[in-house]
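Topology and contacts: notes
So you can see what is in the structure, the chains are spelled out below.
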Amino acid sequence: MRTIKNFFIGLILVSTLFAGQDLESAKIRLKDKEWDKAEEFLLKALNHPKDKWEAAFHLGDKIYPRSQEWGKVKQYMDIASTASKNTKIRPTANDRKILMSQAVAASLTKSYNLLYYRASGFLGLLNRVSDIDKRNALIDQAIETSMQAKELDPAQPGSYALLGLYYSVKGDKDNAFKYIDQALELPDVPQDVQLALLVSAGQSAVRLGDFNKGLSYYESALAINPNEVPALKSLGALYLAKDEFEPALKNLNAAIENSEDDKEKVDLFFNRGLVYLKMNEFDEAEYNFEEAYFLAPDDKEALLGLAKALEQAERWRKSRTYYLELIDADPNNAQYYYGVYRTYFGEGRLEDATEYLNKANALK
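This one's a predicted model, so the numbers in the text were calculated from it and none came from an experiment. (Residues numbered from 1 in each chain as written. Predicted model: local features only at pLDDT ≥ 70, side-chain atom pairs only at ≥ 80, totals over all residues. Heavy atoms only, no water.)

With that out of the way, let us pick up the environment of Y323. Examined against the element boundaries, Y323 turns out to sit in helix α17 (residues 316-329). By relative accessible area, Y323 is classed as buried at 1%. Each C-alpha atom of the pair Y323 and Y337 lies 7.4 Å from the other, and the pair is 14 residues apart in sequence. The contacts of Y323, once residues within four sequence positions are left out, are L304, A307, K308, E311, Y336, G339, V340, R342 and T343. Within polar-contact distance, the side chain of Y323 engages the side chain of E311 at 2.6 Å. (Helix = DSSP H or I, 4+ residues; strand = E, 2+ residues; numbered from the N terminus. Buried < 20%, exposed > 50% of the residue type's maximum accessible area, 1.4 Å probe, protein only. Contact = heavy atoms within 4.5 Å. Polar contact = N/O pair within 3.5 Å; in protein donor to acceptor, adjacent residues only side chain to side chain.)

What follows is the structure, given as structure tokens:
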């Protein structure tokens, strides 16, 4: 009987010894970047009662982010989070020891940010794609990546905002507002983040054609901070779209007054120029487009707005100067040639007008 007892005691000691060796072996493999072997030893170390939390952390921090298995990242970080509150760990061999809870939080944030920035990067890709099928495929990928970020760290509001945005681009109103509302309902969101969420929500609502809901989001942002430039800018653009010129100007004026960002002011002056253009106040339109053009001389939209404002004011020669400048910058854009055609036609110079009309038609 004593022999059997000693056998089991020995078995337990050997098991404990080898379990500790598994974690140490994994750390060596991690240092040497032998990821497959490191994973093998870490999975074995999970069975050791003292090593399982550290093994789980390394699996979620170093192994599964590399293979983008975000469900496993969350799974093993959840295991690491069950360590006692005093448990400490070296996240890497060169780090000092910190609390496991701090290490898990930092690692989750690192993985979340990777997913978030990847998801937000689809915005730039969408702006460069015109093919409908490719665009839809990109939207689906963006939604999938945003969803992975949300599931990895449900307390972060950014992923919800991206889901609201991408579903609004897709035209899915139910899901767009579902995730927008979930973002706005999250507790303890800093004020600046809350403002950004409300502005993003307003833009998504307008994109879906729900102007009243968009208006309510922007007004909620301005109730928090009456000088919030992105909200004022978006509200001005919304009123411009509705041809409500007085509130459009009110909000754009306030945005320009409070903005210190020249790049942002380009859009603000441009939009204010569009308001005045629609109001047939051509001198004011010209001034605002000139301000936008002065701040961004390479901005073709600002230059085109200036050319159109002068054209509508029947200032043919000056308008033509800007259309010709646009042609120099982009000689394959038919609308610039049509602009030159109209200025010549307005002056009664039919031969010159015909020349540019033919050039424009050839580019269509």
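Positive phi, normally seen in glycine, also occurs at D188, with a value near 60 degrees. Position of D188 relative to the elements: it lies in the loop between α9 (173-185) and α10 (191-207). A positive phi angle is found at E314, which is not glycine, with a value near 60 degrees. Structurally, E314 is set in the loop between α16 (300-312) and α17.

Glancing now at the pattern of salt bridges. Per the counting criterion, the structure on display carries 22 salt bridges. Where K27 meets E24, a salt bridge forms, and the shortest distance between an N and an O atom there is 3.8 Å. Here the residue K27 and the residue E24 both occupy positions in helix α1 (residues 2-31), the gap between them amounting to three residues, near one helical turn. R349 is the partner of E347 in a salt bridge, and the nearest nitrogen-oxygen pair spans 3.6 Å. Note on R349: relative accessible area 36%, which makes it partly exposed. Three or more residues are tied together by salt bridges with common partners; here these are D283, E286, E290, R315 and K318. (Salt bridge = Lys/Arg side-chain N within 4 Å of Asp/Glu carboxyl O.)

Note that soluble globular proteins tend to have their nonpolar side chains buried in a common cluster. Of all hydrophobic cores here, the largest spans 79 residues; its most connected members are Y166, Y167, Y217, L235, F289 and Y322. Setting aside its immediate chain neighbours within four residues, Y167 contacts I143, M147, D172, N175, A176 and Y179. Judged by nonpolar contacts, the second largest core, of 30 residues, contains L30, F57, V73 and L115. (Core = buried A, V, L, I, M, F, W, Y, C linked by side-chain atoms within 4.5 Å.)

Further remarks concern the confidence of the model for the protein chain. Per-residue pLDDT for the protein chain has a mean of 90; in total, 95% of the residues score no lower than 70. Least confident of the elements in the protein chain is α1, whose mean pLDDT is 62; most confident is helix α13 (residues 245-258), at 96. (pLDDT = per-residue confidence, 0-100.)

This paragraph deals with the environment of S107. With respect to the secondary-structure elements, S107 resides in helix α5 (residues 100-120). In this structure S107 comes out as buried when scored by relative accessible area, which is 3%. Apart from the residues within four sequence positions on either side, S107 is in contact with F57, G60, D61 and M77.

Next up on the list: the packing of helix α4 (residues 70-80) against helix α7 (residues 132-152). Two elements in contact, α4 and α7, have axes separated by 10 Å at closest approach and are oriented at 5 degrees. Of the possible angle classes, the one that applies to α4 and α7 is roughly parallel. In this structure, α4 uses W70, V73 and K74 to contact α7, whose residues at the interface are Q148, E151 and L152. Among the residues forming the contact of α4 with α7, the class breakdown is three nonpolar, one polar and two charged. (Axes fitted to C-alpha atoms, helices over the stretch in contact; angles between N-to-C directions. Parallel < 35°, antiparallel > 145°, perpendicular 65-115°, else oblique. Nonpolar A, V, L, I, M, F, W, Y, C, P; charged D, E, K, R; others polar.)

Relative to the assigned elements, T343 resides in helix α18 (residues 334-346). Reaching out from T343, the side chain makes a polar contact with the backbone oxygen of V340 at a distance of 2.7 Å.

The geometry of two aromatic rings is summed up by the distance between their centres and the angle between their planes. In this structure the tally under the stated criterion is nine aromatic pairs. Ring centres 5.6 Å apart and planes at 15 degrees place the aromatic pair Y64 and Y76 in the stacked group. Of this pair, Y64 sits in the loop between α3 (52-63) and α4 while Y76 sits in helix α4; the two residues are twelve residues apart in sequence, bridging distant segments of the chain. For the pair shown, Y64 and Y76 are each scored as buried. Judged by centre distance (5.5 Å) and plane angle (75 degrees), the ring pair of Y116 and Y117 falls under edge-to-face. Classification of Y117 as exposed rests on a relative accessible area of 56%. Each residue in the set Y112, Y116 and Y117 is aromatic and connected to the rest through ring pairs, giving one cluster. The ring centre of F177 lies 5.0 Å from the NZ or CZ of K213, which sits over that ring. Its end group placed over the ring of Y356, K359 keeps NZ or CZ at 4.6 Å from the ring centre. (Phe/Tyr/Trp six-rings, centres within 6.5 Å; stacked < 30°, edge-to-face > 60°. Lys NZ or Arg CZ within 6 Å of the ring centre and 35° of its normal.)

Given a rise of 1.5 Å per residue, 14 residues ought to cover 20 Å, and the 20 Å separating the end C-alpha atoms of helix α8 (residues 157-170) matches this to within 8%. Across the 14 residues of α8, twelve count as buried, placing the element largely inside the fold. Listed as buried for α8 are P157, G158, S159, Y160, A161, L162, L163, G164, L165, Y166, Y167 and S168. The inward-facing, buried residues of α8 contact α5, α6 (122-127), α7, α9 and α10. Count one or two residues on from α8 and you reach G171, which has phi positive near 85 degrees. (Expected span 1.5 Å × (residues − 1).)

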